[in-house]
Amino acid sequence: MKSLLVLPFLVTLAFGQEAVCRCGAFVSTSEAEVEVLKFPNIQLADCTQTNYCAQTCKAEWERITNDGDLCSVKPDGDTVAQRMCNNLADLGKENLQPHSVYLYYNVCGGPWLFDGQISRQELECRNTLAVVEC
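I will try to describe carefully the structure that is included in this document. Once a new chain begins, its residue numbering starts again from 1 and follows that chain's sequence as written. Since the coordinates come from a predicted model, pLDDT governs what is reported: local features require at least 70, and pairs of side-chain atoms require 80 or more to be given and counted, while whole-chain, interface and lining totals use all residues. Hydrogens are left out, water is left out, and the side-chain values use all remaining heavy atoms of the structure.

We now examine the pairing of strand S7 (residues 123-126). When DSSP finds two or more bridges between two strands, those strands count as paired. We count a stretch as a helix when DSSP gives it H or I for four or more residues in a row; a strand needs E for two or more, and each element gets its number in order from the N terminus. Taken together, the two bridges between strand S4 (residues 96-99) and S7 define a ladder with antiparallel strand orientation. Counterpart to His99 in the pairing with S7 is Leu123. Bridging between S7 and strand S8 (residues 129-130) involves two bridges; their strand directions are antiparallel. Each residue of the ladder has a partner; that of Cys125, found in S8, is Ala130. Hairpin connection, S7 to S8: the antiparallel pair is bridged by two residues, and Asn127 has positive phi, about 50°.

Here's what the structure looks like:
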């Protein structure tokens, strides 16, 4: 039994991949896809758990953004939209024309895959301040 538990660890070491699911909220600009909100990493048993990753990211999206509501107020008083604009400002992007926000996930460093979730409002940032019709 112990050898079965060690096998996934050895496979991960052999391929240099950490069995992790990453979730992120992105906007599509003319220049690039820009991550506006990172979610906590999710540890996986192995790199075949694509469905689990997608489902867990969707649950995190629902919990953190109130299912894509950019007007949702977080405990610190900021809206989800303001957090996203703050994150963009940290990347040196203080202004963003109105864009929908999309949820993506990736498994073990693979390609980012669209999770089917879209924000209820469009995100706009003006001089780092969120401008969202609520």
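Now that the structure has been shown, we can carry on.
Moving on to helix H2 (residues 50-65). Multiplying 1.5 Å by the helix residue count minus one yields the expected span of that helix. Its 16 residues give H2 an end-to-end C-alpha distance of 22 Å, which sits within 8% of 22 Å, the value for a rise of 1.5 Å per residue. Residues of H2 that are buried: Cys53, Ala54, Thr56, Cys57, Glu60, Trp61, Ile64 and Thr65. Residues count as neighbours in contact if any of their non-hydrogen atoms are within 4.5 Å of one another. Lining the buried residues of H2 we find strand S1 (20-28), strand S2 (33-38), strand S3 (42-43), helix H3 (80-90), strand S5 (102-107) and strand S6 (113-118). Positive backbone phi, approximately 55°, marks Asn66, located one or two places after H2. Any residue under 20% of the maximum accessible area for its type is buried, any over 50% is exposed, and the rest in between are partly exposed; the area is computed with a 1.4 Å probe on protein chains only.

Now for the state of the cysteines. Two cysteines form a disulfide when their sulfur atoms are joined by a covalent bond. By disulfide we mean two sulfur atoms from cysteines, separated by a distance within 2.5 Å. A complete count under the given rule lists five disulfides for this structure. A sulfur-sulfur separation of 1.8 Å characterises the disulfide bridge that pairs Cys23 with Cys57. The sign of the S-S torsion, about -75°, decides the handedness of the disulfide formed by Cys23 and Cys57: left-handed. You can see Cys23 sitting in strand S1 and its partner Cys57 sitting in helix H2, a full 34 residues away along the chain. Judged by relative accessible area, which is 0%, Cys57 ranks as buried. Between the sulfur atoms of Cys71 and its disulfide mate Cys134 the distance is 1.8 Å. In this structure, the disulfide formed by Cys71 and Cys134 twists by about -95° around the S-S bond and is classed as left-handed. Separated by 63 residues along the polypeptide, Cys71 in the loop between H2 and H3 and Cys134 in the segment after S8 bring together distant segments of the chain. Owing to a relative accessible area of 76%, Cys134 belongs among the exposed residues under this scheme.

Right, let's talk about the nonpolar core for a bit. Counting 30 residues, the largest nonpolar core has Ala25, Val36, Phe39, Cys57, Met84, Val101 and Leu123 as the members making the most contacts within it. Secondary-structure elements contributing two or more residues to this core are S1, S2, H2, H3, S5 and S7. In this structure Ala25 touches Val34, Glu35, Val36, Leu37, Phe39, Trp61, Met84, Val101 and Tyr102, once residues within four positions along its chain are discounted. Buried Ala, Val, Leu, Ile, Met, Phe, Trp, Tyr and Cys residues that are joined via side-chain atoms within 4.5 Å together make up what is termed a nonpolar core.

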